Every structure is written in C-alpha cells, then in structure tokens.
Amino acid sequence: MRILFLGDVHVGSSHAVFPEHYVNPETGVEITANKIQRKLLRRWYKLAEKHAPKDSPPDLLVLTGDLIDGPQRKQNYHTLLLQNIMDQIDVFLKLFSETYHAKQIIVVRGTDYHATVEGVHAEEFIARKLPNVKRISRWSEERASQIDARIYFKKERIKMHVKHQVGASKVPHYRFTPLARDVWKLFMEDVNFHISKGYNLIVRGHTHIYNIAGESNTFRAFITPAWQLPTDYAKSRGYYKADIGVVEVIIEKGDLTINEDLVTHEFSPHWVEWK
C-alpha cells in the first residue's frame, strides 16, 4: 500500500505555490506568479508527476491541512496575492486536481486562522468538491473533512493517526519534543481506552519543518513539509527555514518505509554579495 502526504500549501500567499497565470473571475484581471512561486510551481509539477501520476496513483493521498492562506489578518492582508477566499479555494482545486491523482483522498483540517471565515470552513468546502474523498466522520456521513484521522489498516496491521496541529520550537534539538509529546498522548489514550493495538504511524503538519522520529518495531512519526516559504511574520518570530516537498509511506506486510522528497536546498535563505 502506498500513501502520499501533502500539506501546508497556503494557496493565496505571495510566498506559496501558485499557478503561473490566474484570471480573477470577478474582475477579469490576470494575476501572475512571482519568480519564487514559478520555481515552487515547477517543483510541484515534478513531484506530482513522480508520486501521483494519473496512470499510477497512490492508494491513498492525505491532505494535512492549511490548503489555503485565508484572510491573513495578522499581516493586514499585505502578503496575500489573492484576498478573496473563494478565489483561493478555486485556485487550490484547479492546481491540485490537475496535477495530483489518488485512488482515495482524506482531507484533514488545518488551523481555523487560515481555513475558517465567518463560520465557513474552506477545507470542508474543498473536500466536498474533490473526487474520491473518503468520508470517515462518526458524526455525519456527509462530512468530508476531519479534525484528525484515525485509520486501522487491518490487512497490513498498521494503525495511523493524522492531525494538522503540533507544537513548534526554534531550538533545533527541541524540535522533536512536540512530536514525541503527541506520541505519548496517543499512548496514554490507548491505555485509558484499553486499546492494545498502538499507533504505528503518526503524522502532523503545521510547522513547515520536516521532522521524523521513531523507535524500532514500535512507531514512526513525522511532520510533513510545506509549499510555502517563510513569510515576514514567520521570520519576525525566528523561523527562517521551510522544508518543501511531499512524503510517501509504503506499507508492506506490517512494515513501514518512509520516503521524503524534499527540494529545500533550492529555497535556502537569500544572501547578497556586497561589492
């Protein structure tokens, strides 16, 4: 079984992947991507063709949240290429549907700050428009997106938990701590509810930094990379790096193989030689 994880796309941000040309449906004005966005777009196409082609799609593709950038009130909208939330949704749907293919899709919700506008959840709207979305909510058969996804692959004997939010640290040797804390919380959940299976695969998003942790024959946990470079707000808080790419997980006979595909080296901090 092959699973692909993709998240933190932040469509609408001037720092995130964006189509080369987009015509605003209300005004007819053409919006063009900047040179960094065009570079991100080329990598988006390359990884889509490699990991999720139409003729050989993954068995499952998990979208791990923050698919659009939302209104960005903290930055007074000035980092947005698209201010209209419906336009951001429209661009994501076109960008994703034309490039990434999967037999089934699970949509995990990101932060409300990016995805919720006046009671409307953009990622639920996106999930209802995408094909092959697996509806797994216990509350409603119509609900297409999840706060978290708890999946037991019975045939492969693998238990998976996917959620967007996780803590972050600017201190390099503490970056694994929030991930380890989540692993421990899930372990305690198993104890409290008398579940003995244990989680083998734990996936998070949110931080834009790819981290992986685990113990042999017990579990693997990782934070997915992103498709947005650090904004001015992120830099002001001390975050100057973002990992760009996708993560592929292969499950075979109970074993997990994790293959990250990152293009971070192409988007390192910009240095100017003084002459």
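Conventions adopted
- Residues numbered from 1 in each chain as written.
- Predicted model: local features only at pLDDT ≥ 70, side-chain atom pairs only at ≥ 80, totals over all residues.
- Heavy atoms only, no water.
- Pairing = 2+ DSSP bridges.
- Helix = DSSP H or I, 4+ residues; strand = E, 2+ residues; numbered from the N terminus.
- Axes fitted to C-alpha atoms, helices over the stretch in contact; angles between N-to-C directions.
- Buried < 20%, exposed > 50% of the residue type's maximum accessible area, 1.4 Å probe, protein only.
- Contact = heavy atoms within 4.5 Å.
- Patch = residues over 30% accessible without salt bridge, like charges linked within 9 Å, V, L, I, M, F, W, Y side chains within 5 Å.
- Areas by Shrake-Rupley, 256 points an atom, 1.4 Å probe, with all protein chains shown as cover.
- Salt bridge = Lys/Arg side-chain N within 4 Å of Asp/Glu carboxyl O.
- Core = buried A, V, L, I, M, F, W, Y, C linked by side-chain atoms within 4.5 Å.
- 1 Å grid on protein atoms, 1.4 Å probe; cavity = no way out; pocket = protein on both sides within 12 Å on 5 of 7 lines; lining within 4 Å.
- Points joined across faces, edges and corners; volume = space filled by probe spheres on them.
- Nonpolar A, V, L, I, M, F, W, Y, C, P; charged D, E, K, R; others polar.

Novice: So what exactly am I meant to see when it comes to the sheet that holds strand β10 (residues 158-163) here?
Specialist: Pairing between the strands of a sheet comes from backbone hydrogen bonds, and it takes one of two forms, parallel or antiparallel. Read across the open sheet, the five strands follow the order β9-β10-β11-β13-β12; overall the sheet is mixed. Each end of this open sheet is capped by a strand with a single partner; those strands are β9 (148-153) and β12 (211-215). If you compare each strand with its neighbour and ignore which way they point, the axes differ by 10° on average.

Novice: Would you explain the environment of G110 in this entry?
Specialist: Residue position: G110 is located in the loop between β5 (105-108) and α3 (112-115). Since its relative accessible area comes to 10%, G110 is described here as buried. Linking G110 and G205, residues 95 residues apart in sequence, is a C-alpha distance of 8.3 Å.

Novice: Looking at this structure, I do not really get the sheet that holds strand β8 (residues 145-146). What am I missing?
Specialist: Taken in spatial order, the six strands line up as β8-β5-β4-β1-β14-β15 in an open sheet, and their pairing is mixed. The open sheet is flanked by β8 and β15 (255-262), the only strands paired with a single partner. Alignment of β5 against β8, held across two bridges, turns out to be parallel. Of the residues in β8, the one forming a bridge with V108 is Q146.

Novice: I keep staring at unusual backbone geometry and nothing clicks. Help me out?
Specialist: In the Ramachandran plot, H10 falls in the positive-phi region, its phi being about 55° despite a non-glycine side chain. Summarising the element assignment, H10 is placed in the loop between β1 (2-6) and β2 (21-23). According to the relative accessible area criterion, H10 is buried, its value standing at 2%. Positive phi outside glycine occurs at D66, with the angle close to 50°. Its location among the elements puts D66 in the loop between β4 (60-63) and α2 (85-97). By relative accessible area, which is 2% here, D66 ends up buried.

Novice: Looking at this structure, I do not really get the side chain of H164. What am I missing?
Specialist: Take H164: it is sitting in the loop between β10 and α5 (177-192). If we skip the residues at most four places from it in the chain, H164 touches D8, T64, G65, D66, V108, R109, G110, T111, R204, G205 and H206.

Novice: Help me understand a nonpolar patch on the surface, please; the structure alone is not making it clear to me.
Specialist: A grouping of W184, F187 and M188 is seen on the molecular surface, where their side chains present a nonpolar patch of about 320 Å² in accessible area. If you trace the backbone, F187 turns up in helix α5. A residue is classified by how much of its surface remains accessible, and F187, at 45% relative accessible area, is partly exposed.

Novice: Whenever I open this one, the nonpolar core confuses me. Can you help?
Specialist: Grouped burial of nonpolar side chains is what soluble globular proteins tend to show. If you look at the biggest cluster of nonpolar residues, it comprises 43 residues, and the most contacted ones within it are W44, L63, F92, F96, Y100 and W227. Every element with two or more residues in this core is listed here: β1, α1 (35-51), β4, α2, β5 and α4 (122-129). If we ignore the near neighbours within four places in the chain, the residues touching Y100 are L4, L6, W44, L47, A48, A52, L61, W227 and V246. Counting 21 residues, the second-largest nonpolar core is a separate cluster that includes I3, F5, Y210 and I251.

Novice: How should α4 be read in this particular structure?
Specialist: Along α4, the residues classified as buried are A122, E123, E124, I126 and A127. Of the surrounding secondary structure, the elements contacted by the buried residues of α4 are α2, β5, α3, β7 (120-121) and β8.

Novice: Looking at this model, I keep getting lost on the layout of surface pockets. Mind explaining?
Specialist: Summary: where empty space remains is shown by rolling a probe the size of a single water molecule over the atoms. Here the largest pocket defines a volume of roughly 700 Å³. H114, H206, H208, Y233 and A234 are, among the 31 residues lining the largest pocket, the residues nearest its centre. Secondary-structure elements contributing two or more residues to the lining of the largest pocket are α3 and α6 (232-236). Residue classes in the lining of the largest pocket are distributed as ten nonpolar, 14 polar and seven charged. Its boundaries defined by the atoms lining it, the second largest pocket holds a volume of some 450 Å³.

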